[in-house]
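These are the residues of each chain, in order.
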Amino acid sequence: TRLYCLFGNPARHSKGPVIHNAAFKDKDINAVYLAFEVQDAAGAAQAVRTLDIKGASVTIPFKESIMEHIDWIDPTARAIGAVNTIVNENGVLKGYNTDCQAAVAPLVPFGISGKTVCIVGAGGAARAVAHGIEAQNGDIIITNRTEQKGRALAETVNARFIPAEEMENIQADVIINTTSIGMTPKENEISFPPEALRSEMVVMDVVYTPLRTRLLEAAEQKGCTTIDGLSMFIAQAAAQFELWTGIIPDTDLMRNTIIND
Ligand code: ATR
């Protein structure tokens with residue numbers, strides 16, 4: 001039996017085990033995926049080596065700190081400054097970032113090249129999303145509560161920065177919320193002003209608890225196309241699965257497994 005796992009803190013509520021184990025079973029792969037709540041990145045990397053763990057997911061707060069403890073880092077992950085996936089290739093630990101392609105995957109059917117994509121937020125999730133959109137030649141707008149952080153990200157991906165106070169004036173084809181607003185919104189708090197939503201827009205939220213955030217509800221009311229955070233979560237997991245096994249998992253099965261869990 002091959003061992004795969006997740007390192008994070010917290011890690012207890014991760015949906016990783018249910019979807020990866022369902023996919024291993026579906027593809028007849030003799031492997032098991034476990035979640036470990038750990039204290040530090042060095043210990044996590046050492047565990048991979050000691051226990052011959054074949055692959056790992058790395059999540060908050062270790063996506064940056066794990067980088068100095070592994071042997072090779074994919075250029076895209078290096079540019080984003082975060083690793084969410086480890087592949088153990090005969091003792092050589094390789095780091096990748098599948099959040100990046102996952103942000104793009106649900107948008108591919110709508111076409112990204114030449115479209116204006118507004119990213120709300122400038123944290124780790126925003127960096128991965130921005131690099132994914134840049135690679136697809138999207139025209140990027142960054143908006144963020146803290147201007148300095150927003151401008152810094154905008155510079156790295158050739159994007160325009162628009163201050164949060166001017167969000168109502170943003171004209172874009174796609175809106176992507178990467179902030180945690182939506183998980184536990186305060187009264188009337190929403191990641192993007194509903195007045196600025198138009199029916200032609202595609203609106204995506206990386207938050208998936210709840211599945212229908214206030215932003216997605218407002219977008220539905222306006223007649224926009226909506227993409228929930230589970231789509232991106234599953235896409236990043238599917239990309240990990242493929243890196244580990246060389247097999248493309250059934251993403252509908254992954255999604256149904258989470259929804260019925
Ligand atoms: P992650 O790695 O998950 O992206 P992060 O690095 O802490 O998390 O980034 C969180 C992002 O959400 C930031 O862009 C943050 O804005 P600031 O740069 O101003 O801190 C944004 N964010 C979180 N809570 C917010 C809130 N209540 N209102 C506006 N922006 C918020």
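Residues numbered from 1 in each chain as written. Predicted model: local features only at pLDDT ≥ 70, side-chain atom pairs only at ≥ 80, totals over all residues.

- As recorded in an unreviewed UniProt entry, the protein goes by the name Shikimate dehydrogenase (NADP(+)), listed as coming from Desulfobacter postgatei 2ac9.
- Checking UniProt for the protein, the heading Pathway (unreviewed entry) contains the comment "Metabolic intermediate biosynthesis; chorismate biosynthesis; chorismate from D-erythrose 4-phosphate and phosphoenolpyruvate: step 4/7."
- Quoted straight from UniProt, the Sequence similarities (unreviewed entry) entry for the protein says "Belongs to the shikimate dehydrogenase family." (UniProt positions renumbered as here; feature names shortened; annotations may be inferred.)

1. Quick notes on the nonpolar core
And then number 1: Within the largest apolar cluster, 80 residues are counted, with the highest numbers of intra-cluster contacts made by Ile-119, Ala-130 and Val-174.
And then number 2: For this core, the element with the most residues is helix 8 (residues 229-245), which contributes ten residues.
And then number 3: Counting contributing residues, this core receives three or more from each of domain 1 (2-97 + 233-260) and domain 2 (101-227).
And then number 4: Beyond its immediate chain neighbours, meaning those up to four positions away, Ala-130 contacts Ile-119, Ile-140, Ile-142, Leu-153, Val-157 and Ala-159. (Core = buried A, V, L, I, M, F, W, Y, C linked by C-beta atoms within 7 Å. Buried ≥ 20, exposed ≤ 12 C-beta atoms within 10 Å, placed from the backbone. Helix = DSSP H or I, 4+ residues; strand = E, 2+ residues; numbered from the N terminus. Domains from an automatic or database assignment. Contact = placed C-beta atoms within 7 Å.)

2. Re unusual backbone geometry
And then number 1: Across the junction of Asn-9 and Pro-10, the peptide omega takes the value 5°, indicating a cis bond.
And then number 2: Along the polypeptide, Pro-10 turns up in the loop between strand 1 (2-8) and helix 1 (16-26).
And then number 3: Even without a glycine there, the phi angle at Asp-52 is positive, about 50°.
And then number 4: With respect to the secondary-structure elements, Asp-52 resides in the loop between helix 2 (41-50) and strand 3 (55-58).
And then number 5: Under the C-beta neighbour-count criterion, Asp-52 is labelled exposed, with 11 such atoms within 10 Å.

3. Quick word on the domain arrangement of the protein
And then number 1: Structurally, the protein comprises domain 1 (2-97 + 233-260) and domain 2 (101-227).
And then number 2: A straight line from the C-alpha centre of domain 1 to that of domain 2 covers 26 Å.
And then number 3: Listed by partner, the interface residues are eleven residues for domain 1 and nine residues for domain 2.
And then number 4: Sorting the residues of the side of domain 1 that touches domain 2 by element identifies helix 3 (75-80) and helix 8 as the ones contributing at least two each.

4. Observations concerning the pairing of strand 5 (residues 85-89)
And then number 1: Note that strand 3 and strand 5 share three bridges and pair antiparallel. Considered in strand 5, the bridge of Ala-56 is made with Ile-86.
And then number 2: With five bridges joining them, strand 5 and strand 6 (residues 92-96) adopt antiparallel strand pairing. For Thr-85, the partnering residue across the bridge sits in strand 6 and is Tyr-96.
And then number 3: Turn length for the strand 5-strand 6 hairpin, with the two strands adjacent in sequence and antiparallel, is two residues, and the turn residue Asn-90 shows positive phi of about 50°. (Pairing = 2+ DSSP bridges.)

5. Side note on helix 8
And then number 1: Here helix 8 contains 17 residues, and its C-alpha end-to-end distance of 24 Å stays within 8% of the 24 Å for a straight helix at 1.5 Å per residue.
And then number 2: When you tally the buried positions in helix 8, you get 14 out of 17 residues, the bulk of the element.
And then number 3: One or two residues past the end of helix 8 sits Gly-246, with phi positive at roughly 80°. (Expected span 1.5 Å × (residues − 1).)

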